[in-house]
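Residue-level listing of the chains:
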Amino acid sequence: MGAAMRRIHVGNALSAFGLGFTVPYLYVYVAQVRGLGAMTAGLVLAVFAVAALVVLPFAGRAIVRRGPLPVLLAALVLAAFGALSLGVAAHSATVLLSAAALGAGQAVMQPALATMIVDCSAAESRSRAFAVQFFLQNLGLGVGGLIGGHLVDTSSSASFTLLFSIEAAMFLLLVVVMSTVRMPRSPRIEGASALSARGGWKQLLGNRAMVQLCVLGFVLFFACYGQFESGLSAYGVEAAGISTSSLGTALAANTMMIVVAQFAVLRFVERRRRSRVIASVGLIWAVAWAVAGYAGLGHGSQAMATAAFVSTYALFGLGEAMLSPTVAPLVADLAPDGMAGQYNSAFALVKQLALAVGPAVGGPLGASLHAPYIVVFLLFSLGISFLALRLGRQLTVVQDRPWLARSRVVARGGSFPKSVSA
């Protein structure tokens, strides 16, 4: 890795470390410590999603026009302000405004950092770069959450003020680190400053493969990440009788699987078709939902149910480790020169939509309709495999099998059939 890429990865780790300090404790902080009630706490979590949905359509155009680094620095300053003000806010209005600032800044960081990785990597090294990013994000979140859990004291608002201050300090430290990054000159589309946002979205929506990838991405995030802390946890508690400590163990197993398996999985993924890797993730997640079904609907002992539930989260982690070096590089490869920021922002917007809809649908279903919940999301996982294989028909050989970019024939633009017939 070059110096710029090393700093980008440090930035990913620091931002995740800061978020890990506060995100698991937001609900308790707002509802109990500040005494604002469950309704306000729920609104705070909703504001995070709404703020992301509002800013992401504009973030892509800003990245295309100004470059990813200035946009990232602005997002970090906004997030630091939001975190610091959230730590001292005592009224509903100020809490919600602070959460909106933190959520907006956090949302813009994702496509900005992803675009910087694209600009600082070659096609053949991009999968490894995104795998490192995902590894450091999960490591940072896990370590941040662990340390934050030992610092927090629900009887003292000062302990939460300290947590949010540390988060703000991480963002400001990241401003300093990223200010030293010397980005390579990335391609820019002609007339980018004059191109309207409407024209950029029209061009993106005209890319059939990108549209199909966005649909696939929505299903991926809806059926996995959108269920972790809502439907699946509610199902585990209500149907499987999982204790809160066991639920924490399951989440830890998910993170541990990613940290342990990421680079072993990368060796396997790098020489496989991207569409088939994503399809295999759908099958792995279908098995995970079947195991979850056994945990809550089977007639085994409580120990067996707990072991099965923890295994469900671990299997999800295995699938996530396979996706990280696959999906994000594919978004970059589908983007025309100079449009990576627009495409990354669009995919981040799809992710936020799925994360907003997933808990709203999965939470009530997982808490009350246990068997239908498992069947529905098992079918969604099989749908991932179907959509991935269908996407493969829209990809070029190099997009689906990026290691062929080194081929002299492909590099010179030699004619190849679509990957489905290759």
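Because the structure is a prediction, the values reported are computed rather than measured.

Asker: Just checking my understanding: could you explain the packing of aromatic side chains for this structure?
Answerer: Summed over all chains, the structure comprises 16 aromatic pairs. A connected cluster of aromatic rings, assembled from ring pairs, spans Phe218, Phe222, Tyr235, Trp285, Trp289, Phe316, Tyr373, Phe377 and Phe380. The ring of Tyr225 is capped by Lys351, whose NZ or CZ atom sits 6.0 Å from the centre of that ring.

Asker: Before we go on, may I ask you to explain the environment of Val44 in this structure?
Answerer: With respect to the helices and strands, the residue Val44 is situated in helix H3 (residues 37-66). The spatial distance from the C-alpha of Val44 to the C-alpha of Gly105 is 15 Å, given a sequence separation of 61 residues. Beyond its immediate stretch of four places on either side in the chain, Val44 contacts Val30, Val95, Leu96 and Ala99.

Asker: Would you explain the nonpolar core in this entry?
Answerer: Within the largest apolar cluster, 63 residues are counted, with the highest numbers of intra-cluster contacts made by Met210, Leu213, Leu216, Leu232, Trp285 and Phe309. Secondary-structure elements contributing two or more residues to this core are helix H9 (208-223), helix H11 (231-238), helix H12 (244-269), helix H13 (274-297), helix H14 (302-323), helix H15 (327-334), helix H16 (340-368) and helix H17 (370-392). When neighbours within four sequence positions are excluded, Phe309 is seen to be in contact with Leu232, Ser233, Tyr235, Gly236, Ile242, Leu247, Ala250 and Ala295.

Asker: When you look at the pattern of salt bridges in this model, what are you seeing that I'm missing?
Answerer: Between side chains of opposite charge, a pair can form when the charged atoms approach closely. The tally for this structure, following the rule as stated, stands at 2 salt bridges. Arg274 is paired through a salt bridge with Asp333; the nearest N and O atoms lie 2.7 Å apart. Of this pair, Arg274 sits in helix H13 while Asp333 is found in helix H15, placing the two residues 59 residues apart along the sequence. Each of Arg126, Arg274 and Asp333 takes part in a single network of salt bridges with overlapping partners.

Asker: Looking at this structure, how should I read the side chain of Thr115?
Answerer: Within the secondary structure, Thr115 is located in helix H5 (residues 92-119). Residue Thr115 is classed as buried on the basis of its relative accessible area, which comes to 4%. For Thr115, the side chain forms a polar contact with the side chain of Asn344, separated by 3.0 Å. In contact with Thr115, other than residues within four places in its own chain, are Ile63, Pro68, Ala340, Gly341 and Asn344.

Asker: I would appreciate a short explanation of the environment of Ala234 in the present structure.
Answerer: When you line up the elements, Ala234 lands in helix H11. In contact with Ala234, other than residues within four places in its own chain, are Ala239, Gly363, Gly366 and Ala367.

Asker: Help me understand the confidence of the model for the protein, please; the structure alone is not making it clear to me.
Answerer: Reading predicted coordinates in detail is not appropriate for stretches of low pLDDT. For the protein, mean pLDDT is 81; residues scoring 70 or higher make up 91% of the total. The lowest-confidence element of the protein is helix H19 (residues 408-411), averaging 40 in pLDDT; the highest-confidence one is H17, averaging 92. Low pLDDT (under 50) marks residues 189-195, which in the prediction has 12 contacts with non-local residues, meaning those over four places away or in another chain. Confidence drops under a pLDDT of 50 for residues 408-422, and excluding neighbours within four residues, the segment shows 25 contacts in the predicted structure.

Asker: Would you take a moment to explain the packing of H11 against H17 for this structure?
Answerer: When two helices pack together, you describe them by how their axes are tilted relative to each other and by the distance separating the axes. Closest axis-to-axis distance for the H11/H17 pair is 11 Å, and the angle between their directions is 145°. Once H11 is placed against H17, the crossing between them reads as left-handed. Together, Gly231, Leu232, Tyr235 and Glu238 of H11 and His370, Tyr373 and Ile374 of H17 make up the contact between the two elements. Residue composition of the contact of H11 with H17, by class: 4 nonpolar, 2 polar and 1 charged.

The rules behind each value
- Residues numbered from 1 in each chain as written.
- Predicted model: local features only at pLDDT ≥ 70, side-chain atom pairs only at ≥ 80, totals over all residues.
- Heavy atoms only, no water.
- Phe/Tyr/Trp six-rings, centres within 6.5 Å; stacked < 30°, edge-to-face > 60°.
- Lys NZ or Arg CZ within 6 Å of the ring centre and 35° of its normal.
- Helix = DSSP H or I, 4+ residues; strand = E, 2+ residues; numbered from the N terminus.
- Contact = heavy atoms within 4.5 Å.
- Core = buried A, V, L, I, M, F, W, Y, C linked by side-chain atoms within 4.5 Å.
- Buried < 20%, exposed > 50% of the residue type's maximum accessible area, 1.4 Å probe, protein only.
- Salt bridge = Lys/Arg side-chain N within 4 Å of Asp/Glu carboxyl O.
- Polar contact = N/O pair within 3.5 Å; in protein donor to acceptor, adjacent residues only side chain to side chain.
- pLDDT = per-residue confidence, 0-100.
- Axes fitted to C-alpha atoms, helices over the stretch in contact; angles between N-to-C directions.
- Left-handed = near helix turned anticlockwise from the far one by under 90°.
- Nonpolar A, V, L, I, M, F, W, Y, C, P; charged D, E, K, R; others polar.

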